[in-house]
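The primary structure of each chain is shown beneath.
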Amino acid sequence: MERYGSGNTERISIDMKKVGVIGIVGIPAKYGGFETLVDNMIGYNAGDIEYTVYCSTKNYPADERLATHKGAKLEYIGLKANGVQSILYDIISICKSVRRFDVLLILGVSGCIILPFLRFFSKKRIIVNIDGLEHKRDKWGKYVRKFLKYSEKQAVLHADVIISDNKAIQQYVRDEYGKESELIAYGGDHVLGEYHSDSSEILNGYGLDKNDYCLALCRIEPENNVGIILEAFAGSDLKIVFIGNWSRSEYGRKLREKYSIYPNMYLLDSIYNLKTLGVLRSYCKYYIHGHSAGGTNPSLVEAMFFAKPIFCYDVVYNRETTENKGIYFQSAGQLRQQLKEPDSAYIRYGKYMQEIALNSYCWKKVAQQYESLFRSV
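Residues numbered from 1 in each chain as written. Predicted model: local features only at pLDDT ≥ 70, side-chain atom pairs only at ≥ 80, totals over all residues. Heavy atoms only, no water.

This part covers the overall build of the protein. Regarding its fold elements, the protein presents 14 helices and 16 strands. A compact globule built from 377 residues should have a C-alpha radius of gyration of about 21 Å, and the protein, at 22 Å, falls within 12% of that. Every one of the 377 residues in the protein was classed for burial, and the buried ones make up 53%. Split by element, the accessible area of the protein, about 17,500 Å² in all, is 48% carbon and sulfur. Charge-centre separation for the protein: the mean point of 49 positive side chains lies 4 Å from the mean point of 43 negative side chains. (Helix = DSSP H or I, 4+ residues; strand = E, 2+ residues; numbered from the N terminus. Rg over C-alpha atoms; globule rule 2.2 N^0.38 Å. Buried < 20%, exposed > 50% of the residue type's maximum accessible area, 1.4 Å probe, protein only. Areas by Shrake-Rupley, 256 points an atom, 1.4 Å probe, with all protein chains shown as cover. Lys, Arg positive; Asp, Glu negative; His and termini not counted. Charge placed at Lys NZ, Arg CZ, Asp CG, Glu CD.)

So, on to the pairing of strand β8 (residues 125–129). Among the five residues in β8, four count as buried, and that is most of the element. Pairing between strand β7 (residues 103–107) and β8: five bridges, direction parallel. Opposite Leu107, over in β8, you have Asn129 as the bridge partner. Handedness of the crossover joining β7 and β8 through helix α3 (residues 115–121) is recorded here as right-handed. Of the strand pairs in this sheet, β8 and strand β9 (residues 161–164) are connected by three bridges, and their pairing is parallel. By the bridge assignment for β9, Asn129 is matched with Ile163. (Pairing = 2+ DSSP bridges. Right-handed = clockwise from strand over helix to strand, strands pointing away.)

We now examine the packing of aromatic side chains. Under the criterion given, the structure shown has 12 aromatic pairs. An aromatic cluster is present here, built from Tyr286, Phe311, Tyr346, Tyr349 and Tyr352 joined pairwise through their rings. For Arg319, the ring lying beneath its charged end belongs to Tyr328, and the centroid distance is 4.0 Å. A cation over a ring is seen here: Lys325 above Tyr352, with NZ or CZ 5.3 Å from the ring centre. (Phe/Tyr/Trp six-rings, centres within 6.5 Å; stacked < 30°, edge-to-face > 60°. Lys NZ or Arg CZ within 6 Å of the ring centre and 35° of its normal.)

Most of helix α9 (residues 274–282) sits inside the fold, with seven of its nine residues counted as buried. Taken residue by residue, α9 has Thr276, Leu277, Gly278, Val279, Leu280, Arg281 and Ser282 as its buried positions. Next to the buried residues of α9 lie α6 (199–205), β11 (213–217), β12 (239–243) and α10 (298–304). Of the residues that open α9, the one with a side-chain oxygen 2.9 Å from the backbone nitrogen of Lys275 is Asn273. (Contact = heavy atoms within 4.5 Å. Polar contact = N/O pair within 3.5 Å; in protein donor to acceptor, adjacent residues only side chain to side chain.)

Once that is clear, we can look at the packing of helix α4 (residues 142–158) against helix α5 (residues 167–177). Close contact between α4 and α5 brings their axes to 12 Å; oriented N to C, the two are set at 90 degrees. Relative to α5, the element α4 lies roughly perpendicular. Along its contact with α4, which presents Lys149, Glu152, Lys153 and Val156, the element α5 presents Tyr172, Val173, Glu176 and Tyr177. Here the contact of α4 with α5 is built from residues that sort into four nonpolar, no polar and four charged. (Axes fitted to C-alpha atoms, helices over the stretch in contact; angles between N-to-C directions. Parallel < 35°, antiparallel > 145°, perpendicular 65-115°, else oblique. Nonpolar A, V, L, I, M, F, W, Y, C, P; charged D, E, K, R; others polar.)

Spatial ordering of the open sheet is given by β13-β12-β11-β14-β15-β16, a layout of six strands whose pairing is parallel. Looking at the sheet topology across the chains shown, the edges are occupied by β13 (265–268) and β16 (327–329). Averaged over all pairs of adjacent strands, the angle between their axes in this sheet comes to 20 degrees, without regard to strand direction. Pairing of strand β15 (residues 310–313) with β16, which is carried by three bridges, proceeds in the parallel orientation. Bridging from a neighbouring strand, Cys312 pairs with Tyr328 of β16.

Let us now look at the side chain of Asn225. Secondary-structure assignment places Asn225 in the loop between β11 and α7 (226–233). A polar contact of 3.5 Å, which involves the side chain of Asn225, links it to the backbone oxygen of Glu223. Those residues in contact with Asn225 that sit more than four places away from it in its chain are Gly290, Ser292 and Tyr313.

The N-to-C vectors of α7 and helix α12 (residues 332–339) enclose an angle of 45 degrees; their axes lie 8 Å apart at closest approach. Compared by their axis directions, α7 and α12 come out oblique. Here α7 runs over α12; the crossing is right-handed. Across the interface between the two elements, Ile228, Ile229, Glu231, Ala232 and Phe233 of α7 pack against Ala332, Leu335, Arg336 and Leu339 of α12. Class assignment of the residues belonging to the contact of α7 with α12 gives a composition of seven nonpolar, no polar and two charged. (Left-handed = near helix turned anticlockwise from the far one by under 90°.)

Here we come to the side chain of Ser110. One can find Ser110 in the loop between β7 and α3. Residue contacts for Ser110: discarding those within four places in its chain leaves Ser86, Ile87, Asp90, Phe147, Leu148 and Ser151.

Before going further, it helps to spend a moment on the pattern of salt bridges. Under the criterion given, the structure shown has 16 salt bridges. In this structure, Glu152 and Lys149 form a salt bridge, with 3.6 Å as the shortest nitrogen-oxygen distance. Highlighted residues: Glu152 and Lys149, both in helix α4, separated by three residues, approximately one helical turn. Here Glu152 falls in the buried class, since its relative accessible area comes to 2%. (Salt bridge = Lys/Arg side-chain N within 4 Å of Asp/Glu carboxyl O.)

Taken together, the side chains of Lys58, Arg65, Lys80, Arg219 and Arg248 present a region of like positive charge at the surface. If you trace the backbone, Arg219 turns up in the loop between β11 and α7. Note on Arg219: relative accessible area 33%, which makes it partly exposed. (Patch = residues over 30% accessible without salt bridge, like charges linked within 9 Å, V, L, I, M, F, W, Y side chains within 5 Å.)

Here we take up a nonpolar patch on the surface. On the surface, Phe117, Phe120 and Phe121 cluster together into a nonpolar patch covering about 430 Å² of accessible area. Within the secondary structure, Phe120 is located in helix α3.

Structure below.
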């Protein structure tokens, strides 16, 4: 920034950095970790970054499409941002961006197959967040996993900067490709707020009492070990509220049919209202996290802010996120046994989770790390 002038007149010239954001469904954020990341990142803009965010018309009907949001410009692509169409969605967004912005921030690797060709005619600065190793997720078939692995390789080889959101992902990039990546995690403090004024009304609506139930929240997919968690609670006196998109797949429908017979299991459809989620998180006894794939998982980070003991599926990603201060399980039997321990055995674990979250997973810090990268490249 330069200041020049005389007397009482001062003129300010700001060297704006133009950043194109690619690979998300859109903002305002409705659902998904990357959408929440972008929504919060632009909210902490120091003023010298000009954001343009690509959004999908399939998720934002005409009457919901904004031209700007929190100072960022929004542009729309007429394809789905998820599934098979996400590849073309990302490629079109990249092609539209390449001559317009100083920096491209690509979230996910679906469209990165185009990067080798892009390098032939452009020296545009490219930053890629490779997300949580999509090619290892059980939900994808053999050929989709091969494609995602290839796209990941192109991203790592041709981007100027790779972002890993977890130390385990960072180590993977180092071991697999011999390259270093920037470690920037995920924020979760957006979930905090005044949830207590009508908490009883919300809890009563679900037939729940304060601190009388466990909570799990995820997409109903095999790598989230939903079956292991439900089996641990089968026949137990301890209640579990499990929120997810049960009807989206045959896997989810079968699990819901099998375990709905147990009166201690509340298998709820997806809830997007932060106030309702805040109440359910605030007054649960324990939080159960079954994710086994990916890096720093958004729902885990968000849960950590509520100072509840967290039982995590035992993989390196979850241990890194919780700094080895959670309770870890690998089977239904192990989790069932852990849940039988007296409350006093876990009283300190909730405090550990909140301290880690406040220190490492606040959006202001995350936004500053991203903006520092945008300026430096």
